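The chain contents come next:
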Amino acid sequence: MSRNAKINGLLLLLVAALAVLPIALGMGEGKEEPFTGADAQAETAITELDPEYEPWFSPLYEPPSGEVESALFALQAALGAGVLAYYFGVRKGRRQAAAAGAAGAPAAAPDTAASES
């Protein structure tokens, strides 16, 4: 097994552990919504510290449910990942093309007009 395969396998196990361990260890038990986002947790903490606090802004769009909000967040994350993957793919392709051009291609193409006369 190559070194890269071992590293990839280890990373895959680490990601699986990060996904499964919080649920298996019961880290969210006893809470109404055990795995809420940071925004909801911050809102709860602010209202506990200052019950009369009023937000400065209101959202432009309030999704009808938490599932729709999660789906929109996942869509946003997928689009961002797609843009990053495209950028890094283009960058790698240009680097490979430059390396292939420098290794095997002549520095300048011969002038065809001069050879015909």
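In this text the structure is predicted, and so the values were computed from the model without any measurement. (Residues numbered from 1 in each chain as written. Predicted model: local features only at pLDDT ≥ 70, side-chain atom pairs only at ≥ 80, totals over all residues. Heavy atoms only, no water.)

Student: An account of the overall build of the chain is requested, with residue identities and associated values reported.
Tutor: Assigned secondary structure in the chain consists of four helices and zero strands. Its helices and strands in sequence order give the chain the pattern α-α-α-α, from N to C terminus. Looking at the chain residue by residue over its 117 residues, the buried ones come to 2%. If you sum the accessible surface of the chain, you get close to 10,900 Å²; carbon and sulfur atoms cover 64% of it. (Helix = DSSP H or I, 4+ residues; strand = E, 2+ residues; numbered from the N terminus. Buried < 20%, exposed > 50% of the residue type's maximum accessible area, 1.4 Å probe, protein only. Areas by Shrake-Rupley, 256 points an atom, 1.4 Å probe, with all protein chains shown as cover.)

Student: Tell me about the environment of Thr47, and name the residues and values.
Tutor: The topology assignment puts Thr47 in helix 2 (residues 38–49). At 2.9 Å, the side chain of Thr47 and the backbone oxygen of Thr44 are in polar contact. (Polar contact = N/O pair within 3.5 Å; in protein donor to acceptor, adjacent residues only side chain to side chain.)

Student: Please give an account of a negative patch on the surface that cites residues and values.
Tutor: Among the surface-exposed residues, Asp39, Glu43, Glu62 and Glu69 lie close enough to one another that they form a single negatively charged patch. As for its position among the elements, Glu62 is in the loop between helix 2 and helix 3 (66–104). What makes Glu62 exposed here is its relative accessible area of 56%. (Patch = residues over 30% accessible without salt bridge, like charges linked within 9 Å, V, L, I, M, F, W, Y side chains within 5 Å. Salt bridge = Lys/Arg side-chain N within 4 Å of Asp/Glu carboxyl O. Lys, Arg positive; Asp, Glu negative; His and termini not counted. Charge placed at Lys NZ, Arg CZ, Asp CG, Glu CD.)

Student: So what's going on with helix 1 (residues 3–24)? Which residues, and what values?
Tutor: With 22 residues, helix 1 should cover 32 Å at 1.5 Å per step; its first-to-last C-alpha distance of 31 Å lies within 8% of that length. The axis of helix 1 is deflected most strongly, by about 30°, at Leu18, and proline Pro22 appears within four residues downstream. With zero of its 22 residues buried, helix 1 lies for the most part at the surface. (Expected span 1.5 Å × (residues − 1). Bend = angle between axes of the 7 residues up to and from the residue.)

Student: An account of a nonpolar patch on the surface is requested, with residue identities and associated values reported.
Tutor: Taken together, the side chains of Leu60, Tyr61, Leu72, Leu75 and Leu79 present a nonpolar region at the surface, about 610 Å² in accessible area. Within the secondary structure, Leu72 is located in helix 3. Assessed through its relative accessible area of 40%, Leu72 is described here as partly exposed.

Student: Please set out the packing of aromatic side chains residue by residue, giving values where relevant.
Tutor: Across all of its chains, the model carries one aromatic pair by this definition. Taking the centre distance of 5.2 Å and the plane angle of 65° together, the rings of Tyr87 and Phe88 count as edge-to-face. In this structure Tyr87 comes out as partly exposed when scored by relative accessible area, which is 45%. (Phe/Tyr/Trp six-rings, centres within 6.5 Å; stacked < 30°, edge-to-face > 60°.)

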